[in-house]
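In case you want the letters, here they are:
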Amino acid sequence: MTPTDPKADLRFYLQSARDALLWKLEGLSEYDIRRPATPTGTNLLGLVKHAAGVELGYLGDVFGRPSGEPLPWVADGAETNADMWATADESRAFVVELYRRAWVHADATIDALALDTVGRVPWWAEGRDEVTLHHAVIRVIADTQRHAGHADIIRELTDGAVGMREDNTAVPAGGAVWWEEYRGRLEQAAREAEGRGISGQTR
């Protein structure tokens, strides 16, 4: 196996998560990208807005490279969870373009600094607020992939669309009948397991 550049690996997985998150907005109405899909209000456009702030923070401010982007929703005194949803005045284009600018700024930080460069996270506890660029990038990848997973579920529940990427859905190519039968088998297995009282047991 040919060794790869560590930064290239990190950039690949970060970009794949970014692309997946944005793809989940495509083809949906303004209402559907904003509506709260869970009891805690998780919504598609809010996930993108949050991800933009995460990148600008961890891969910008933390390493002394502020972007200059005004982010009032994460400033002192901001409303709780203001970064997790878009107001009616914050357009889809505004949020998406902010996220894309965050990519450029974050990527420039990754390119400019060594992975062992140490930054300081001002929102972490004093004395435990230092982090390497390597750690910060992995943290951002983990956060973005997690939210891309949230977006997967929200999109499927919204209009049935599924897939990891536009060019690779990563799901079996079964039709509606196959999926209905598959889901039925899972439901049956779950009910049988409950009926047998095997929770917590292993083979």
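Placed above this text is the structure.
Reference entry: report on the structure contained in this document. (Residues numbered from 1 in each chain as written. Predicted model: local features only at pLDDT ≥ 70, side-chain atom pairs only at ≥ 80, totals over all residues. Heavy atoms only, no water.)

**Side note on the overall build of the protein chain**
Consideration 1: A tally of regular secondary structure across the protein chain gives six helices and two strands.
Consideration 2: Starting at the N terminus and walking to the C terminus, you meet the elements of the protein chain as α-α-α-α-β-β-α-α.
Consideration 3: Within the protein chain, the fraction of its 203 residues that count as buried is 36%.
Consideration 4: Here the analysis covers contacts within the protein chain between residues at least 6 apart in sequence; of these, 73% occur between residues at least 24 apart.
Consideration 5: If the 22 positive side-chain charges of the protein chain are averaged to one point and the 32 negative ones to another, these points end up 4 Å apart. (Helix = DSSP H or I, 4+ residues; strand = E, 2+ residues; numbered from the N terminus. Buried < 20%, exposed > 50% of the residue type's maximum accessible area, 1.4 Å probe, protein only. Contact = heavy atoms within 4.5 Å. Lys, Arg positive; Asp, Glu negative; His and termini not counted. Charge placed at Lys NZ, Arg CZ, Asp CG, Glu CD.)

**Quick notes on the side chain of Lys7**
Consideration 1: Within the element layout of this structure, Lys7 appears in helix H1 (residues 6-23).
Consideration 2: Here Lys7 is buried and forms no salt bridge, its nearest opposite-charge partner Asp111 lying at an N-O distance of 5.7 Å.
Consideration 3: A polar contact of 2.6 Å, which involves the side chain of Lys7, links it to the backbone oxygen of Ile110.
Consideration 4: Lys7 has contacts with Ile110, Asp111, Leu113, Ala114 and Leu115, leaving out every residue within four places of it along the chain. (Salt bridge = Lys/Arg side-chain N within 4 Å of Asp/Glu carboxyl O. Polar contact = N/O pair within 3.5 Å; in protein donor to acceptor, adjacent residues only side chain to side chain.)

**Here's the deal with the pattern of salt bridges**
Consideration 1: By the definition in use, this model includes 13 salt bridges.
Consideration 2: The residue Lys24 makes a salt bridge to Asp152 at a minimum N-O spacing of 3.1 Å. In this pair, Lys24 is assigned in the loop between H1 and helix H2 (30-34) and Asp152 in helix H5 (residues 133-159), connecting sequence segments 128 residues apart.
Consideration 3: Taking the relative accessible area as the measure of exposure, Asp152 reaches 28% and is therefore partly exposed.
Consideration 4: One salt bridge in this structure joins Asp129 and Arg120, with 3.4 Å as the shortest N-O distance.
Consideration 5: On the basis of relative accessibility, which here comes to 9%, the residue Asp129 falls in the buried class.

**Examining the environment of Ala142**
Consideration 1: In this fold, Ala142 is placed in helix H5.
Consideration 2: Residue Ala142 is classed as partly exposed on the basis of its relative accessible area, which comes to 48%.
Consideration 3: For the pair Ala142 and Asp9, spaced 133 residues apart in sequence, the C-alpha to C-alpha distance is 14 Å.

**What about the packing of aromatic side chains?**
Consideration 1: As enumerated under the stated definition, the model contains eight aromatic pairs in all.
Consideration 2: Plain terms: the ring middles of Tyr58 and Trp123 are 5.1 Å apart, the flat faces sit at 85 degrees to each other, and that makes the pair edge-to-face. Here the residue Tyr58 occupies a position in helix H3 (residues 44-58), and Trp123 occupies one in the loop between strand S1 (118-120) and strand S2 (130-132), the gap between them amounting to 65 residues.
Consideration 3: Overall, the relative accessible area of 45% leaves Trp123 in the partly exposed class.
Consideration 4: On the numbers, 5.5 Å between centres and 90 degrees between planes, the contact of Trp179 with Tyr182 is edge-to-face. With a gap of three residues between them, Trp179 and Tyr182 both fall in helix H6 (residues 176-196), about one helical turn apart.
Consideration 5: Grouping aromatic residues by their ring pairs yields a cluster made of Tyr58, Trp123 and Trp124. (Phe/Tyr/Trp six-rings, centres within 6.5 Å; stacked < 30°, edge-to-face > 60°.)

Remember, this is a structural readout, not a statement about activity or role.
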